[in-house]
Amino acid sequence: MDDGSENPTKFTAHSLPSDPRLWAPVTSSYLGTRVYHDVLHVSGVYNGAGGDTHRASLPCPLNAWLEAPVEPGERLTKTFTLDTSTGSFQHTVEGASFRASQRILAHRTLPHVLVLAVSIARRVSGSGAITVQLHSAFSLESPDLDLHLGPDFLGARYLFGHTLTPEQPGGRRHEIHMLWTPAPAALTLEDGEENADWELLIAVGGTQTEAQAHFQEALRLRDGGLLYATHAQAWAGLWSSCGLDVAGPLRLRQALRGALYYLLSALPQPGVPGSVCHGLSPGGLSNGRRGECYWGHVFWDQDLWMFPNVLMFHPEAARTMLEYRIRTLGGALKNAHNLGYQGAKFAWESAGSGLEVCPEDIYGIQEVHVNGAVVWAFELYYYTTQDVRLFRDDGGWDLVSAVAEFWCSRVEWSPGEEKYHLKGVMPPDEFHSGVSNSVYTNVLVRNSLCFAAALAEDLGLPVPEQWLVVADKIKIPFDPEQNFHPEFDGYELGQEVKQADVVLLGYPIPFPLSPSVRRRNLEVYEVVTSPQGPAMTWSMFAVGWMELKDAERGQKLLDRSFANITEPFKVWTENADGSGAVNFLTGMGGFLQAALFGFTGFRITRAGVTFDPMCPVGISGVFVSGLSYQGSKLDFSFSEDSVTVEVTAQAELRAPPLEAELWPSQVRLPLPPGHKVSFPRSSGRIQRASLSPPHRGD
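Residues numbered from 1 in each chain as written. Predicted model: local features only at pLDDT ≥ 70, side-chain atom pairs only at ≥ 80, totals over all residues. Heavy atoms only, no water.

(A) A look at helix H6 (residues 329–338). Leu329, Gly331, Ala332, Asn335 and Ala336 are the residues of H6 that are buried. Axial view of H6: buried residues confined to an arc of 155 degrees, hence all on one face. Across H6 from its buried face, at more than 90 degrees, point the exposed residues Lys334, His337 and Asn338. Those residues of H6 that are buried are in contact with helix H5 (315–327) and helix H10 (396–410). Gly340, located one to two residues past H6, shows a positive phi value of around 90 degrees. (Buried < 20%, exposed > 50% of the residue type's maximum accessible area, 1.4 Å probe, protein only. Helix = DSSP H or I, 4+ residues; strand = E, 2+ residues; numbered from the N terminus. Arc of directions from axis to C-beta. Contact = heavy atoms within 4.5 Å.)

(B) The sheet that holds strand S10 (residues 88–94), seen in detail. One open sheet holds the nine strands; their spatial order is S1-S9-S10-S11-S12-S18-S16-S15-S14, and the pairing between them is antiparallel. Either end of the sheet is taken by a strand with one partner, and the two such strands are strand S1 (10–13) and strand S14 (145–153). Sheet twist, expressed as the average angle between the axes of neighbouring strands with direction ignored, equals 15 degrees. With nine bridges connecting them, strand S11 (residues 98–106) and strand S12 (residues 113–122) associate as antiparallel partners. (Pairing = 2+ DSSP bridges. Axes fitted to C-alpha atoms, helices over the stretch in contact; angles between N-to-C directions.)

(C) Highlighting the environment of Thr188. When you line up the elements, Thr188 lands in strand S17 (residues 186–189). Spatially, the C-alpha atoms of Thr188 and Ser127 are 13 Å apart, while their sequence positions differ by 61 residues. When residues no more than four places from it in sequence are discounted, the contact partners of Thr188 are Ile120, Ala129, Ile130, Thr131, Glu193 and Trp198. Reaching out from Thr188, the side chain makes a polar contact with the side chain of Thr131 at a distance of 2.8 Å. (Polar contact = N/O pair within 3.5 Å; in protein donor to acceptor, adjacent residues only side chain to side chain.)

As structure tokens, this is what we get:
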């Protein structure tokens, strides 16, 4: 690959950013913080009622900063490195006679455990004792938790308590139990020792028993010298099972690696049973206390912007994200009832219960398009996995049908136009509220209802006629004279919009558009989209231009995303000026989709995964490994001239055989496991193998 001499997996600097928000996040699927931060967050643990609900701040006892002695006239070399290959942050201090380092990590296979490791190595024999300091501002106080010290356990301190205020009146207050090995003020490599290592632990659980069990398992690994090794091996295994890279500029390679790393960090390790997802928020688990990063709430960001990437690489984790929506269906049903409608209305901002916790009513009432994003995620999952059990036995059907009922109760019939209208909504473009017939929202209504009807047939259930009628008759605004889709009824050319909205039609939302209309939509909205809008916007414009095979324009739009990526740790900000949410997983999700779905042309459909690859300007090859489709894992790579596909594994015993159908020739190439299949670059579809003999061409 180009730039092969430079490592796209390590992000290194000699100083930290002046803004602590941009310091490296340290997260697992259960715990989240930033390096040297005094606050730790626990997945699903919120404090505060209603619109005041926010992630509870738990004091972080391992926020220690390493300092080393400086001899007169000596200059120390300091480096700060985020190693995405091993999922660890390392701060190293080197002098003439020693090398000291601290490693901070969220353990990959023990998601309830954080580790602070310190090592000192002698570089010059006979240099005497070497002492380093660990500076920490740890305090037992929390604005969100009633905390108490309990008896020590196996040499660890013990802190326990509960949140102060439940999300809903009469709701439960979350329990927190934390064990940790205290960080000493100083650590010494004694005279005569060549090196020494220390590993300090935090273990957190919802009960004392749970915290103790995780702490004991971490102790067992530590005492066997396996604590870091098991973590690093798990990350190595994860990277060997999925990846997204290009033959191209180092800047792009690092951006892709960093975005995928932060998203994977938030997910459970594949194969670990009993994983529970409490939703992915825009700023991830490292952020979300009161007043910060939308307070840790879950938005459509999870379903529309993050989910497709997760699904393609890690369907087990994708299922847990859908299970979060199923668990909060009760709250969605109440939201709809409270607004006077039938069915389910998912919260614009959701926390533990699924009831609306948005501090401002207008968004919770009007941004009903969140419903369409939720169902769309279920639809993609169904096509990709054929996991009928989720829908038949585990609540998926209840959710899809409840959203269909909401749409049918929310629309109004217009006798004059003989169409169903959807009034009083706010589209993704939040500069406009109370509009009628948001084209994006109405297309989602149609898609939701059509999927609900098709799913009912697959499950052998009756299809309510009203679903089909509303789907067929809902208004989809279009201006034939200007050849574009107005964002809503009454939209005038030139009106500024906040973010990607109409351009989401075609991708990620399936909607048939002629090339001329697709182009016109992109041209109209590109010039009026606010430059201060959120990070994911330009990725979707890039996908649109790549669909139209305008590589130069697609690359230009994708490059605008780099304004939101901060150095050195590739932490995204919501807005290009650095404001808004940080560690902005939503922006990363859009950026990853621009590569994973834009470069490749992947589209998940009922019939298979279509592809139409193209190399953007400055990129000579694209490499995607570990794609998941109906029980098989695939690698997909391409250059300007050719495409190579390989089924590398079958994760399920009953995984169907696959084939690649090429277009327009309709040649079908079998994809037997373990065999690379190459062909000239073209469009086509990866699908279940047909029973009829394949057409191999001349």
